[in-house]
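Reading the structure
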Protein chains: 2
Amino acid sequence: MITSTSNPQVKDLQLLLKKAKERNARDVFLVEGMKMYLEAPRDRIRKVYIAESLYRERGKELDRGQETEVLSDRVFAVVSGTKTPQGILCVMSQYHYTLADMLKKPRPFLLLLEDLQDPGNVGTIMRTAEGAGADGILLSRGCVDLYNPKTIRSTMGSVYRMPFLYVDALDHLLPILRERKIRTYAAHLQGKNEYDQEDYRCGCAFLIGNEGNGLSDGLSREADTLIRIPMKGKLESLNAAVAASILMYEVCRQRRQAGL
Amino acid sequence: MITSTSNPQVKDLQLLLKKAKERNARDVFLVEGMKMYLEAPRDRIRKVYIAESLYRERGKELDRGQETEVLSDRVFAVVSGTKTPQGILCVMSQYHYTLADMLKKPRPFLLLLEDLQDPGNVGTIMRTAEGAGADGILLSRGCVDLYNPKTIRSTMGSVYRMPFLYVDALDHLLPILRERKIRTYAAHLQGKNEYDQEDYRCGCAFLIGNEGNGLSDGLSREADTLIRIPMKGKLESLNAAVAASILMYEVCRQRRQAGL
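These notes cover the structure that comes with them. (Residues numbered from 1 in each chain as written. Chains lettered and ligands numbered in written order. Predicted model: local features only at pLDDT ≥ 70, side-chain atom pairs only at ≥ 80, totals over all residues. Heavy atoms only, no water.)

1. Thoughts on the overall build of chain A
Helix and strand counts for chain A stand at 11 helices and 11 strands. The buried share among the 260 residues of chain A stands at 56%. Here the contacts in chain A between residues at least 6 apart in sequence split such that 76% fall between residues at least 24 apart. Counting only carbon and sulfur atoms, one obtains 47% of the accessible surface of chain A, whose full area is about 11700 Å². (Helix = DSSP H or I, 4+ residues; strand = E, 2+ residues; numbered from the N terminus. Buried < 20%, exposed > 50% of the residue type's maximum accessible area, 1.4 Å probe, protein only. Contact = heavy atoms within 4.5 Å. Areas by Shrake-Rupley, 256 points an atom, 1.4 Å probe, with all protein chains shown as cover.)

2. Topic: the pattern of salt bridges
Residues and elements named next belong to chain A. Enumeration according to the criterion identifies 42 salt bridges over all chains in this entry. For arginine 161, the salt bridge is made with glutamate 130, and the minimal N-O distance between the two is 2.6 Å. Within this pair, whereas arginine 161 is found in the loop between helix 8 (149-155) and strand 7 (164-167), its partner glutamate 130 is found in helix 7 (residues 119-132), the two being separated by 31 residues in sequence. Using a relative accessible area of 24% as the deciding quantity, one classes arginine 161 as partly exposed. The partner of arginine 141 in a salt bridge is aspartate 168, with the nearest N and O atoms 2.6 Å apart. (Salt bridge = Lys/Arg side-chain N within 4 Å of Asp/Glu carboxyl O.)

3. Comments concerning the sheet that holds strand 4 (residues 88-93) of chain A
All names here are of chain A. Strand order in the open sheet made by the four strands is 1-4-2-3, with mixed pairing throughout. Each edge of the open sheet is held by one strand with a lone partner, namely strand 1 (28-32) and strand 3 (68-71). Between one strand axis and the next, the sheet turns through 20 degrees on average, direction left out of account. With respect to the sheet, helix 1 (residues 8-18) is in contact with strand 1, strand 2 (45-51), strand 3 and strand 4, its orientation differing from that of strand 1 by roughly 95 degrees. (Pairing = 2+ DSSP bridges. Axes fitted to C-alpha atoms, helices over the stretch in contact; angles between N-to-C directions.)

4. What about helix 7 (residues 119-132) of chain B?
Residues and elements named next belong to chain B. If you check helix 7, its first and last C-alpha atoms are 20 Å apart, about what 14 residues at 1.5 Å a residue would give, namely 20 Å. Where helix 7 starts, the residue carrying a side-chain oxygen 2.8 Å from the main-chain nitrogen of glycine 120 turns out to be aspartate 118. Immediately beyond the C-terminal end of helix 7, within one or two residues, lies glycine 133, with a positive phi of roughly 85 degrees. (Expected span 1.5 Å × (residues − 1). Polar contact = N/O pair within 3.5 Å; in protein donor to acceptor, adjacent residues only side chain to side chain.)

5. Examining the sheet that holds strand 11 (residues 225-228) of chain A
Residues and elements named next belong to chain A. Across the sheet, which stays open at both edges, the seven strands sit in the order 7-6-5-10-8-11-9 with parallel pairing between neighbours. Each end of this open sheet is capped by a strand with a single partner; those strands are strand 7 and strand 9 (193-194). Sheet topology places strand 5 (residues 109-113) next to strand 10 (residues 204-208); five bridges connect them, and they run parallel. Residue pairing for strand 10: leucine 111 is matched across the bridge by phenylalanine 206. Helix 11 (residues 240-257) rests against strand 5, strand 8 (183-187), strand 10 and strand 11 of the sheet, and its axis sits at about 165 degrees to strand 10.

6. Considerations on the pairing of strand 4 of chain A
Residue and element names in this part refer to chain A. The buried count for strand 4 comes to six of six residues, which makes it a mostly enclosed element. Covered by surrounding structure in strand 4 are Ile88, Cys90 and Met92 together with Leu89, Val91 and Ser93, the residues of both alternating faces. Sheet analysis places strand 1 next to strand 4, joined by five bridges and oriented antiparallel. Bridging across to strand 4, glutamate 32 finds its partner in leucine 89. Examined bridge by bridge, strand 2 and strand 4 share five bridges and lie antiparallel to one another. In the strand pairing of strand 4, tyrosine 49 is matched with leucine 89.

7. Details of the nonpolar core
By size, the foremost hydrophobic cluster in this structure holds 120 residues, and its most contacted members are Leu111 of chain A together with Leu111 of chain B. Non-local contacts of leucine 111 of chain B, meaning those with residues more than four positions away in its chain, are made with Ile125, Ala134, Gly136, Ile137, Leu138, Phe206, Ile208, Ala244 and Met248 of chain B. (Core = buried A, V, L, I, M, F, W, Y, C linked by side-chain atoms within 4.5 Å.)

8. Quick notes on the pairing of strand 1 of chain A
The side chains of a regular strand alternate between both faces of the sheet. Counting buried residues in strand 1 of chain A gives five out of five residues, a clear majority hidden from the surface. Side chains Val28, Leu30 and Glu32 of chain A of strand 1 of chain A all project onto a buried face; the interleaved residues Phe29 and Val31 of chain A project onto the opposite face, where all are buried too.

9. As for a positive patch on the surface
Together, Lys83, Lys150 and Arg153 of chain A together with Lys83, Lys150 and Arg153 of chain B line one region of the surface with positive charge. Of all the secondary structure elements, the ones that give two or more residues to the positive patch are helix 8 of chain A together with helix 8 (149-155) of chain B. Checked against the element boundaries, lysine 150 of chain A lands in helix 8. (Patch = residues over 30% accessible without salt bridge, like charges linked within 9 Å, V, L, I, M, F, W, Y side chains within 5 Å. Lys, Arg positive; Asp, Glu negative; His and termini not counted. Charge placed at Lys NZ, Arg CZ, Asp CG, Glu CD.)

10. Side note on the relation of the copies chain B and chain A
Its rotation angle being 180 degrees, the transformation that places chain B on chain A also includes 0.0 Å of axial translation and leaves an RMSD of 0.0 Å. On this basis, the relationship between the two copies can be described by a two-fold rotation axis. When the interface residues of chain B are mapped onto chain A, 100% of them again lie at the interface, so the same face is used by both copies. (Least-squares fit on C-alpha atoms with pLDDT ≥ 70 in both.)

11. Concerning the packing of helix 7 of chain A against helix 11 of chain A
Residue and element names in this part refer to chain A. Viewed as axis vectors pointing N to C, helix 7 and helix 11 meet at an angle of 10 degrees, and their least axial separation amounts to 9 Å. Comparing the axis directions of helix 7 and helix 11 gives the class roughly parallel. Between helix 7 and helix 11, the contacting residues are Asn121, Thr124, Ile125, Thr128, Ala129, Gly131 and Ala132 on the first element and Ala240, Ala241, Ala244, Ser245, Met248, Tyr249 and Cys252 on the second. By residue class, the composition of the contact of helix 7 with helix 11 is nine nonpolar, five polar and no charged. (Parallel < 35°, antiparallel > 145°, perpendicular 65-115°, else oblique. Nonpolar A, V, L, I, M, F, W, Y, C, P; charged D, E, K, R; others polar.)

Here it is as structure tokens:
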């Protein structure tokens, strides 16, 4: 059992919790909490860290034969990214999807996120994307790191199941999507068409812009169609995750009604 | 200019930032940032606090004749609820809406929130509610304080425009709504009807449950109709603000298509 916060593994976990660079260099990410542990694909778990009290109580039941290290509760609190740690944390292997993984199905349904900054928004979009039946999420390099512990937490497990990929330039993707007959829609305040007037039963991809600035002009110009989510009152915009969710569930609704 | 953090007004602002009890006792709340200041209804502003550097740069332009106090930048940082303060903060009078305020229009469209704990969720729901054209939000006493600075921030100004009301028991409301021919819908995993199979062109109210536990059984039983948002993949639930947003924009879509 590790009882000292100066143990090298503890230092390591703290580094992996905070630094995207370190996570990427070692090709790992951290997940925390019981739900994230129980849903974790076994072949991706590199090591499990468990707090002493949880180990005593449920250690046997939770053992799935992975390499496990027990930490004193005090040390566990130090490596935990949450205020009320659940006592279990795993080091996982990162995912490496390709665009091809997302284009396997007959009517690909994709999200393209430009420079989203809020970890909660990106995680929530991934969670909703799974629910709505999307095939993948493409993120600009300017987006927050998907392996950020806050993002991971707000995916509620979807990170294990939803393909995603960071790309250097989203605008380079659009011609590739067009070739595949995937129509790109940009959620934009100046969109002429209301989002629910379009037909999403074919392949479709939605461009979602940064929280503060919206979608860049360059990317908006490249999109096939600018769409608008109507807003009453004096509102200037919707939250990025909310806007993405409304669009995704409209796709889901149309496809469901068409029996797709 | 206030240059000391031990100034009684500074102590006071810190208290109002942190303590709901204190805010309620004095019938005030705090708003922060330029957007929140510019959109603030003048008759609700009790006092404006402005950081020295902003005052020097834009003090005249921002002056609307309210009682104003200048704080040194260092002191402003202490009373600010954000990491990168914009340098302007107002003490505002709280709102006191009644249920009658929300039932004025011919087809009332309401949200009923049960024990929502996340300030960002409640603020985001209020923001989306304005965009979707809802008439009011009713919150159980177990919900987070709407005047919590994080909630206020995530309303993005909707707090100035969207009627809301805390109630002791949401279930006591349902018979009142029924009398007014407002149908209540509970978003529930066991709902038999998909949310988009219902007709929301008449008065309607949506019950949204707590983030971790969903809607309580008691309240679910009282609702007129249990509805379900279909989910693909292995997802157990959607984020509460996302679920509420999908439902609200379905109402909005149906009413728009019906020309209401």
